[in-house]
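# Examination of the molecular architecture
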Amino acid sequence: MNAILTYRGRTVTDDDVAFLRQLIADQPSLTRKAISQQVCEAWNWRQANGVLKDAVCRGLLLRLH
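What this report covers is the structure whose coordinates are included nearby. Computed from a predicted structure; not experimentally measured. (Residues numbered from 1 in each chain as written. Predicted model: local features only at pLDDT ≥ 70, side-chain atom pairs only at ≥ 80, totals over all residues. Heavy atoms only, no water.)

Let us now look at the packing of helix 1 (residues 14–26) against helix 2 (residues 32–43). Relative to each other, helix 1 and helix 2 sit at 135°, their axes nearing to 11 Å. It follows that helix 1 is oblique to helix 2 by the angle criterion. Here the hand of the crossing between helix 1 and helix 2 comes out right-handed. Only Ile-35, Gln-38, Val-39, Ala-42 and Trp-43 of helix 2 make contact with helix 1, whose side of the interface consists of Asp-16, Phe-19, Leu-20, Leu-23 and Ile-24. Grouping the amino acids of the contact of helix 1 with helix 2 by side-chain chemistry returns eight nonpolar, one polar and one charged. (Axes fitted to C-alpha atoms, helices over the stretch in contact; angles between N-to-C directions. Helix = DSSP H or I, 4+ residues; strand = E, 2+ residues; numbered from the N terminus. Parallel < 35°, antiparallel > 145°, perpendicular 65-115°, else oblique. Left-handed = near helix turned anticlockwise from the far one by under 90°. Contact = heavy atoms within 4.5 Å. Nonpolar A, V, L, I, M, F, W, Y, C, P; charged D, E, K, R; others polar.)

Before going further, it helps to examine the nonpolar core. Ranked by internal contacts, the top residues of the largest apolar core, which has 16 residues, are Tyr-7, Val-39, Trp-43, Trp-45 and Leu-60. Non-local contacts of Val-39, meaning those with residues more than four positions away in its chain, are made with Phe-19, Leu-20, Leu-23 and Cys-57. (Core = buried A, V, L, I, M, F, W, Y, C linked by side-chain atoms within 4.5 Å. Buried < 20%, exposed > 50% of the residue type's maximum accessible area, 1.4 Å probe, protein only.)

For the rest of this paragraph, the subject is the pattern of salt bridges. Taken as a whole and assessed by the stated rule, the structure comprises three salt bridges. Residue Asp-16 is joined to Arg-10 by a salt bridge in which the shortest nitrogen-to-oxygen separation is 3.0 Å. Across the pair, Arg-10 and Asp-16 agree in class, each one buried. (Salt bridge = Lys/Arg side-chain N within 4 Å of Asp/Glu carboxyl O.)

Next up on the list: the environment of Leu-20. Locating Leu-20 in the fold gives a position in helix 1. What makes Leu-20 buried here is its relative accessible area of 5%. C-alpha of Leu-20 to C-alpha of Gln-38: the two residues are 18 residues apart in sequence and 9.9 Å apart in space. Sequence-distant contacts of Leu-20, defined by excluding residues within four places in its chain, comprise Val-39, Trp-43, Leu-61 and Leu-64.

Phi is positive for Arg-8, which is not a glycine, with a value near 50°. Residue position: Arg-8 is located in the loop between strand 1 (3–7) and strand 2 (10–13). Despite not being glycine, Asn-44 shows a phi value in the positive range, around 50°. Along the polypeptide, Asn-44 turns up in the loop between helix 2 and helix 3 (54–64).

Okay, here's the thing in structure tokens:
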């Protein structure tokens, strides 16, 4: 499990990228926002108040793109 980068406190691994690729391949019509919401749910990536970090996740998706 190699770390590819660390973004806003989260280390992104090869497995994470594989998960993202599979999610996009399975549902190619999803918007970046819908993808980020699903990723946040799957990774339990939340702010201190419990809200999904979907805006941060969209930034991560752009960076990986």
